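Remarks on the overall topology
The chain contents come next:
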Amino acid sequence: MGKASDWLREERRKILGDWAAVCLQCGFAQRYFDESEDELPPACPDCGGELRSHCPSCGARFSSVFAVDCEACGAPLRPAELRGVPIRKKR
């Protein structure tokens, strides 16, 4: 990606949050900042499912609500489909 897209990504993160948490059951997503990680709900506020904000293999946080594999170790963060629909488009 070019410099313009990198700049836009960083600007979004400054406003929306650096990291992402997603519900494995319903797909609810929430962005958050470093300093507000302790304020994440323990479970999904919509369905009560597991709200994941760290890789289960290496503990790294993830920066995209559409992430299905960990950027750090490559392990799966969650199933690649939600309700039969792929989370990421195939290239």
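Residues numbered from 1 in each chain as written. Predicted model: local features only at pLDDT ≥ 70, side-chain atom pairs only at ≥ 80, totals over all residues. Heavy atoms only, no water.

1. Details of the pairing of strand S1 (residues 19-23)
For a regular strand, the rule is simple: side chains alternate between the two faces of the sheet. Defined as follows: We call a residue buried when its accessible area falls under 20% of the maximum for its residue type, exposed when it is over 50%, and partly exposed in between, using a 1.4 Å probe and counting protein chains only. Every helix listed is a DSSP run of H or I at least four residues long, and every strand listed is a run of E at least two residues long, numbered separately from the N terminus. Paired strands, in this sense, are two strands between which DSSP finds at least two bridges.
With four of five residues buried, S1 lies mostly within the body of the structure. Sheet analysis places S1 next to strand S2 (residues 29-32), joined by four bridges and oriented antiparallel. Each residue of the ladder has a partner; that of Ala20, found in S2, is Arg31. The turn linking S1 back onto S2 is made up of five residues, and Gly27 within it adopts a positive phi angle of 95 degrees. Bridge count between S1 and strand S3 (residues 51-52): two bridges; the pairing is antiparallel.

2. Regarding the environment of Gly74
Mapped onto the elements of the fold, Gly74 is located in the loop between S3 and strand S4 (81-82). Sequence spacing of Gly74 and Cys58 is 16 residues, and the spatial spacing of their C-alpha atoms is 9.5 Å.

3. Some remarks on the sheet that holds S3
With antiparallel pairing, three strands are arranged side by side in an open sheet as S2-S1-S3. Each edge of the open sheet carries a strand with a single partner, namely S2 and S3.

4. Section: the pattern of salt bridges
Condition: By salt bridge we mean one thing: a side-chain nitrogen of Lys or Arg within 4 Å of a carboxyl oxygen of Asp or Glu.
What the rule picks out here adds up to three salt bridges. Across the pair Arg61 and Asp34 runs a salt bridge whose closest N-O atoms are separated by 2.8 Å. Separated by 27 residues along the polypeptide, Arg61 in the loop between S3 and S4 and Asp34 in the loop between S2 and S3 bring together distant segments of the chain. Given a relative accessible area of 27%, Arg61 falls into the partly exposed group. Glu50 is the partner of Arg52 in a salt bridge, and the nearest nitrogen-oxygen pair spans 3.1 Å. It is possible to trace a salt-bridge network through shared partners that takes in Asp34, Glu37 and Arg61.

5. Some points on the environment of Cys47
Relative to the helices and strands, Cys47 is located in the loop between S2 and S3. Cys47 sits 24 residues away from Cys23 along the chain, and the two C-alpha atoms are 8.6 Å apart.

6. Side note on the side chain of Arg52
Stated formally: What qualifies as a polar contact is a pair of N or O atoms within 3.5 Å, subject to a donor-acceptor requirement within protein and to the restriction that residues adjacent in sequence count only when both atoms come from side chains. The contact criterion used throughout is that any non-hydrogen atoms of two residues lie within 4.5 Å.
Its location among the elements puts Arg52 in strand S3. Judged by its relative accessible area of 15%, Arg52 is buried. In terms of polar contacts, Arg52 uses its side chain to reach the side chain of Glu50, at 3.1 Å. Ignoring any residue separated from it by four or fewer positions in sequence, one finds Arg52 in contact with Ala20, Ala21, Val22, Leu24, Phe62, Leu77 and Arg78.

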